[in-house]
Amino acid sequence: MSTEKNRREAIRWLSTAEDDNDSAVILKENGKFAHSCFHAQQAGEKALKAVWYLADADPWGHSIKKLIEDLNSIDFKLYQRLESYTRMGMVLDRFYIPTRYPNGLPDITPDEAFTDEDADTCITYCKKIIDEVRSILNN
């Protein structure tokens, strides 16, 4: 893809990440903490995929941590910009499956397992990732 097409695709992914973050906030405000956490994880994942598209690479997988780490072999400068977000990605990655499936946790359902504090953490972390990705795209 051309640089301009890469940028447009990255912006599309970032915009979708921002929508997922907005959904996470609305869900939290309405007491749907598991779903809020999941949407925040999705927001972080999609924001990272925006960076991959900007770098003219095809992202694979759902782990934010891995998407950051694998940037090392795609674009070292982008990796350096995002490396400090790896721990936040690790936290968000924990909310990918158990927030959605009743068999993801022993003997309880997702709505019984996740709290407003979990949602706050997830929203805060994904917002930081989104802000950094927006900064990368604006340079």
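Throughout what follows, the structure given in this document is the object of discussion.

### Focus: the side chain of Thr86
1) Next: Mapped onto the secondary structure, Thr86 falls in helix α5 (residues 86-93).
2) Next: Looking at Thr86, its side chain comes within polar contact range of the main-chain oxygen of Glu83, at 2.7 Å.
3) Next: Non-local contacts of Thr86, meaning those with residues more than four positions away in its chain, are made with Lys65, Ile68 and Glu69.

### Here we look at the environment of Ala50
1) Next: Structurally, Ala50 is set in helix α2 (residues 33-54).
2) Next: The class of Ala50 is buried, set by a relative accessible area of 0%.
3) Next: Measuring from C-alpha to C-alpha, the distance between Ala50 and Ile11 comes to 6.7 Å, with 39 residues separating the pair along the chain.
4) Next: Sequence-distant contacts of Ala50, defined by excluding residues within four places in its chain, comprise Ala10, Trp13, Leu14 and Val133.

### Observations concerning the nonpolar core
1) Next: The biggest cluster of nonpolar side chains holds 37 residues, and the ones touching the most others in it are Leu48, Leu71, Leu82, Ile129 and Val133.
2) Next: When residues of this core are traced back to their parent elements, those giving at least two are α1 (3-29), α2, α3 (64-70), α4 (76-82), α5 and α7 (116-138).
3) Next: Residue contacts for Leu71: discarding those within four places in its chain leaves Leu48, Val51, Trp52, Phe76, Leu78, Tyr79 and Leu82.

### Brief notes about the packing of α5 against α7
1) Next: Contact pair α5 / α7: the axes reach a minimum separation of 10 Å and the direction vectors enclose 135°. Considered as vectors, α5 and α7 are oriented oblique to each other. The handedness of the crossing between α5 and α7 is left-handed. Two secondary-structure elements touch here, α5 through Met88, Val91 and Leu92 and α7 through Thr121, Cys122, Tyr125, Cys126, Lys128 and Ile129.
2) Next: Its residues placed into classes, the contact of α5 with α7 shows seven nonpolar, one polar and one charged.

### Things to note about the pattern of salt bridges
1) Next: Counted according to the given criterion, the structure contains 11 salt bridges.
2) Next: Ionic pairing is found between Asp70 and Lys66, a salt bridge with its closest N-O pair at 2.9 Å. One end of the pair, Asp70, and the other, Lys66, are both in helix α3, four residues apart, so they sit about a helical turn from each other.
3) Next: Assessed through its relative accessible area of 26%, Asp70 is described here as partly exposed.
4) Next: Using a relative accessible area of 42% as the deciding quantity, one classes Lys66 as partly exposed.
5) Next: Residue Lys127 is joined to Asp131 by a salt bridge in which the shortest nitrogen-to-oxygen separation is 2.9 Å. Here Lys127 pairs with Asp131, and both are found in helix α7, just four residues apart, close to one helical turn.
6) Next: When its relative accessible area of 38% is taken as the criterion, Lys127 is described as partly exposed.

Calculation criteria
Residues numbered from 1 in each chain as written. Predicted model: local features only at pLDDT ≥ 70, side-chain atom pairs only at ≥ 80, totals over all residues. Heavy atoms only, no water. Helix = DSSP H or I, 4+ residues; strand = E, 2+ residues; numbered from the N terminus. Polar contact = N/O pair within 3.5 Å; in protein donor to acceptor, adjacent residues only side chain to side chain. Contact = heavy atoms within 4.5 Å. Buried < 20%, exposed > 50% of the residue type's maximum accessible area, 1.4 Å probe, protein only. Core = buried A, V, L, I, M, F, W, Y, C linked by side-chain atoms within 4.5 Å. Axes fitted to C-alpha atoms, helices over the stretch in contact; angles between N-to-C directions. Parallel < 35°, antiparallel > 145°, perpendicular 65-115°, else oblique. Left-handed = near helix turned anticlockwise from the far one by under 90°. Nonpolar A, V, L, I, M, F, W, Y, C, P; charged D, E, K, R; others polar. Salt bridge = Lys/Arg side-chain N within 4 Å of Asp/Glu carboxyl O.

It is worth stressing that arrangement in space is one thing and function is another; only the former is reported here.
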